[in-house]
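The lines below spell out each chain.
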Amino acid sequence: MIELTIDNKKVAVEPNTTLLEAANEINVNIPTLCFADDLTVYGGCRLCVVEVEGENRLRPACNTRARQGMVVKTHSPRVREVRETLFELIIASHDISCELNCLTCSRKSSCQLKDVAEDIDVSRMRLEPGDEEEEYDRSSHSIVREPNKCITCARCIRKCEEIQGVGVFAKASRGPETRVTTFKDKGMGNVECTNCGQCVVSCPTGALHEVYHMEKVWDALYDEDKHVIVQTAPSVRVAIAEAFGEEPGTIATGQMVAALRRLGFDRVFDTNFTADLTIMEEGTEVVDRVVNNDRLPVLTSCSPGWIKFIEHFYPEHLENLSSAKSPQQMFGAVAKNYYAEKIGISPDDLVVVSIMPCTAKKFEARRPEMSDDVDYVLTTREAARMLKSVGVNACDLEPEDYDEMLGVSSGAGDIFGASGGVMEAAIRTAYNLITGEELEEIEITPVRGLQGLKTASIPVTEDLTLRVGIAHGLNNAKKMMEKIKAGEEFHFVEFMACPGGCISGGGQPINTELTWQEVRERRIASLYEIDENKEMRRSHLNPKIKKLYEEYLEEPGSAKAHKLLHTDYTVRGVPGA
Amino acid sequence: MVQERKFLKGPRLRNPADYDFPGLQRALKMEPEEVIQEISESKLLGRGGAGFPTGTKWDMAFKEEGEFKYIICNADEGEPGTFKDRYLLDERTLKVLEGMLIGAYVIDADYGYIYIRGEYFKSIKILQEALEEAREAGILGENILGSDFSFDIKLVRGAGCYVCGDETSLLNSLEGMRGQSRTKPPYPISKGLCGCPTLVNNVESLACVAEILHQGASEFATMGTEDSKGTKLVCLSGDVNYPGVYEVEFGSSTLQEIITDLGGGPRKSHDIKFVIPGGLSTRILTRDKLDYKYSYEGLEEAGSSLGSGGVMVVGSEQDLTAILTRIARFYMDESCGTCFPCREGNQQIYKIISRVGKGKFTVNQLEIIEDLGNAMAEAARCGLGQSAQYPTGTILAEFKEELVEGAVY
């Protein structure tokens, strides 16, 4: 152990601990902006500088290792003076001028600049802000970039490169012209962006946010001729409460349903219902392909970020993807056909809105292959904003149930939001499809957890042991694809674009207090808790799913099911590669 | 009357056929530790500007273990007012190569790069030829001078970026990445080029090494003062009659004497207004502070530093606001844009200075510049940002009466 003194307190830390971590251990908060716990150290903002006895300059706490006997002052007058000047500089580089755009900013309630301002108790603002007008990047269906709010901390760059292995962003130019951009300034919609939105949640400011569908949804809700229904993804119920000040992982399913009714939706349905449906379709496909040794491994298709990733980087493996649409899109298809028919309205008068933890879902809904299914996609954050603006707190209301027809789901649907959840749900049903019996040990722990790559062998029959793999975060997806290319054999592999799965999707509330790891763990734990507390935990036992097949789709994999619930993919590749 | 002391300077030395590399010959007969010992005894300090003891650096590089090691000659001489490396590269070409070869032998480097300022067209041509001829003469390649030691060097041109003179930025540039500094640690000595242990030395330091191995550390240490051994190539420029590169023994003269005796005194001016003594990124010295001995410690005592050895003389008739604007513009443009204090600080300073134009600064503006300068010096990520405000800050501080509105001092 290394002993040092921080702010007159002795602290003992492991070798290689940074001063930032060491200070944390004695509950001293050092402000940071470019630092993020899941990314490499950048050392750009310099807000974390501290005084180290014997050194002539201040040292950045994020990149200075503790040494035996070090004497550190984190908030000395010298440090505080420099820190405040640095903050003035940062603010001057960020457009928060006369138009009061703080109030309309996507990050008005989760702005890290505001956090830092409070941390260092800023008392002055003497510098003139930059006056360069920069155009918004609106080229993407999912994400908008407002460069005037960018402080060039490179968190988006690092996130996209290091965690997602994609790297759509780069720094361009030097000196004051230094800026973050995409290749040849093409815009996020015209490069290999997967729309995952991890850049949005890693941005400390409002420089990146989702393409808003709020206005369109308001219009639909206010239009008396429209029947507006909403579906909520599994991960939304364990995160939306955060936008109302609750802890990550707070389960607010029933309250959220009640709140959405207050907002004016005619019916509140559950994406979990179509998650069960996905399991029926995809499970049937997997079983069929495993039995016939057809295009193995089967790769999951429910994460639209992953889909765009494989279309760009592994287009030669598109045939391995399950042809099943994602739960969001299946919901849209079922609603526009089955549901519309059942309640006797024209699909033209039906508006399908989804609430998703995801920015890529916005792109998915606009894919030409299935653009009629879902009309608008709100992120969890947008949904929370809409609720707030009608004075509804999604945590305070008496819980209500989802509307029945498309709102009943098994626990297998809930766990879709966690990495390994789709796999677990699929195994629960595939076992039944193959053996005709129910799987006894329903909790398949080897596929759970936050390790980047997971593999497991699941004995099904004497002759068949399912070999499965799971990857979450696109960098891990890349590693998994390389394994597959190198000949490692799997029957079925689950891919999620976002680290941890949908629970930490790019559309989720942004927590500036806890580490991403902590937030993920809590949200995941809640999803498993919901599953555990459900009577019905197997998709194929969902009575409403059975009814849907009986009344409409005939059987899993039928021609009608294929028409509505399956899709194909686009070879995109990487131009110039 | 100050005289030059010619230790590094000498007749043109470009063709390996005319030179027998005595320093290298001697080094190859010694153990690496003995060479390091000799360099350490000479008390040579790095001549690039930071003044880190070369012996210590080599010792660290020697002890560093790695499958592959690099040695790099930093010839990206971009510090305004500095042109002594160019002299050595052009005129004493083989001395620089020799120093590099000795370094490579000592730390057991597998490969070497000379990273040269892209605008040094003439030097580039000279070096290209010298490297080719050295290869033909067996000075580079397999079994150098008949020994077991094999080594080669590639010449790489910079692309015009000032910050690439900073060693970590230089490494990024060599790797084909954006020219911007790296966070330290890790230091290049342990993780440098492509993650391998890398020794980066300035041109003049390497030439010194060649001479030290040739003439002996004791000879080197007879020159200079206790803390500043040997000689220094001084680049005299600005308002002097005879600008040029002069070799001066440390402690033998004052800045004033160098300017008067070697530079022939101020030109087109009655007098000297101030001197920037160690390349642009050093604090200025006013006329009354030119009587300190020219040495690391002497200039520090005077309130500045020796830096790269670029002595810029500013005559009494010069327009301070024009100088300030130009300096501020330079640093603003050359900031790599990575760390906030340098990127935003230099920009804000330029904005204020250019807004003042030919007018006068308000006390508030002065205070803001001081605060920004302080934050940059304390918190910037690399030497560029840390020292960028030294000339500006000291010009404003020393010439308040002339520059600041209603200032009573």
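A brief look at the structure comes next. (Residues numbered from 1 in each chain as written. Chains lettered and ligands numbered in written order. Predicted model: local features only at pLDDT ≥ 70, side-chain atom pairs only at ≥ 80, totals over all residues. Heavy atoms only, no water.)

Along the backbone of chain B there are 17 helices and 9 strands. What you see for chain B is a C-alpha radius of gyration of 21 Å, in line with the 22 Å of a compact globule of 409 residues. Taken along its principal axes, the extent of the C-alpha atoms in chain B is 75 × 50 × 35 Å. Considering chain B as a whole, with its 409 residues, one finds that 62% of them fall into the buried category. Within chain B, contacts between residues at least 6 apart in sequence are counted, and of these 72% link residues at least 24 apart. A total accessible area of about 15,400 Å² is found for chain B, and carbon and sulfur atoms account for 48% of it. Across chain B, 44 positive and 61 negative side-chain charges occur, with their mean positions spaced 5 Å apart. (Helix = DSSP H or I, 4+ residues; strand = E, 2+ residues; numbered from the N terminus. Rg over C-alpha atoms; globule rule 2.2 N^0.38 Å. Buried < 20%, exposed > 50% of the residue type's maximum accessible area, 1.4 Å probe, protein only. Contact = heavy atoms within 4.5 Å. Areas by Shrake-Rupley, 256 points an atom, 1.4 Å probe, with all protein chains shown as cover. Lys, Arg positive; Asp, Glu negative; His and termini not counted. Charge placed at Lys NZ, Arg CZ, Asp CG, Glu CD.)

This part is about the interface of chain B and chain A. Taken together, the contact between chain B and chain A spans 39 residues of the former and 38 residues of the latter. Of the roughly 3,100 Å² buried between chain B and chain A on both sides combined, carbon and sulfur atoms contribute 51%. Three residues, Arg178, Phe340 and Glu378 of chain B, lead the burial of chain B against chain A; their summed loss comes to 22% of the area buried on that side. Viewed at the interface, chain A and chain B are joined by 5 salt bridges. (Buried area = accessible area lost by both parts, 1.4 Å probe. Salt bridge = Lys/Arg side-chain N within 4 Å of Asp/Glu carboxyl O.)

This next bit is on helix α5 (residues 93–107) of chain B. Between the first and last C-alpha of α5 of chain B there are 22 Å, a value that for 15 residues agrees with the 21 Å anticipated at 1.5 Å per step. Phi turns positive, to about 60°, at Asp108 of chain B, one or two residues after α5 of chain B. (Expected span 1.5 Å × (residues − 1).)

All names here are of chain B. Structurally, Asp166 is set in the loop between β3 (153–157) and α7 (167–174). Residues Asp166 and Leu366 lie 200 residues apart in sequence; the distance between their C-alpha atoms is 29 Å. The contacts of Asp166, once residues within four sequence positions are left out, are Ser181 and Cys382. There is a polar contact of 2.7 Å between the side chain of Asp166 and the side chain of Ser169. (Polar contact = N/O pair within 3.5 Å; in protein donor to acceptor, adjacent residues only side chain to side chain.)

Glancing now at the pattern of salt bridges. Residue and element names in this part refer to chain A. The final tally for this structure, using the stated rule, is 68 salt bridges over all chains. Measuring nitrogen to oxygen at the nearest pair gives 3.0 Å for the salt bridge that ties Glu88 to Arg126. A residue pair is termed long-range when its members are at least 10 positions apart, and Glu88 in helix α2 (residues 77–92) and Arg126 in the loop between α3 (112–119) and β6 (143–145) qualify at 38 residues. Looking at Glu88, the relative accessible area reads 2%, which means it is buried. Its relative accessible area of 28% is what places Arg126 among the partly exposed residues. With a shortest N-O distance of 3.1 Å, Lys361 and Glu364 are connected by a salt bridge.

To continue, consider the packing of helix α13 (residues 340–356) of chain B against helix α14 (residues 363–379) of chain B. Residue and element names in this part refer to chain B. Axis separation between α13 and α14 bottoms out at 10 Å; the angle between their running directions is 160°. Judged on the interaxial angle alone, α14 and α13 are roughly antiparallel. Note that α13 runs across α14; the crossing there is left-handed. Each of Pro341, Gly345, Asn346, Gln348, Ile349, Ile352, Ile353 and Val356 in α13 lies in contact with α14, whose residues at this interface are Gln365, Ile368, Ile369, Leu372, Ala375, Met376 and Ala379. (Axes fitted to C-alpha atoms, helices over the stretch in contact; angles between N-to-C directions. Parallel < 35°, antiparallel > 145°, perpendicular 65-115°, else oblique. Left-handed = near helix turned anticlockwise from the far one by under 90°.)

With that settled, the discussion passes to the packing of aromatic side chains. For any two aromatic rings, the description comes down to two numbers: the centre-to-centre distance and the angle of the planes. All names here are of chain B. Evaluated as defined, the whole model comprises 21 aromatic pairs over all chains. On the basis of an interplanar angle of 40° and a centroid distance of 6.0 Å, the ring pair of Tyr70 and Tyr113 is categorised as tilted. Of this pair, Tyr70 sits in strand β1 (residues 70–75) while Tyr113 sits in strand β2 (residues 111–116); the two residues are 43 residues apart in sequence, bridging distant segments of the chain. For the pair formed by Tyr70 and Tyr113, the shared burial category is buried. (Phe/Tyr/Trp six-rings, centres within 6.5 Å; stacked < 30°, edge-to-face > 60°.)

Core analysis: the biggest nonpolar cluster contains 115 residues, and Phe169, Trp306 and Phe495 of chain A together with Phe361 and Ile395 of chain B have the highest contact counts within it. In terms of residues, this core owes the most to one element, α2 of chain A, which gives 8 residues. Counting 65 residues, the second largest nonpolar core, distinct from the first, contains Ala233, Ala324, Ala335 and Cys395 of chain A. (Core = buried A, V, L, I, M, F, W, Y, C linked by side-chain atoms within 4.5 Å.)

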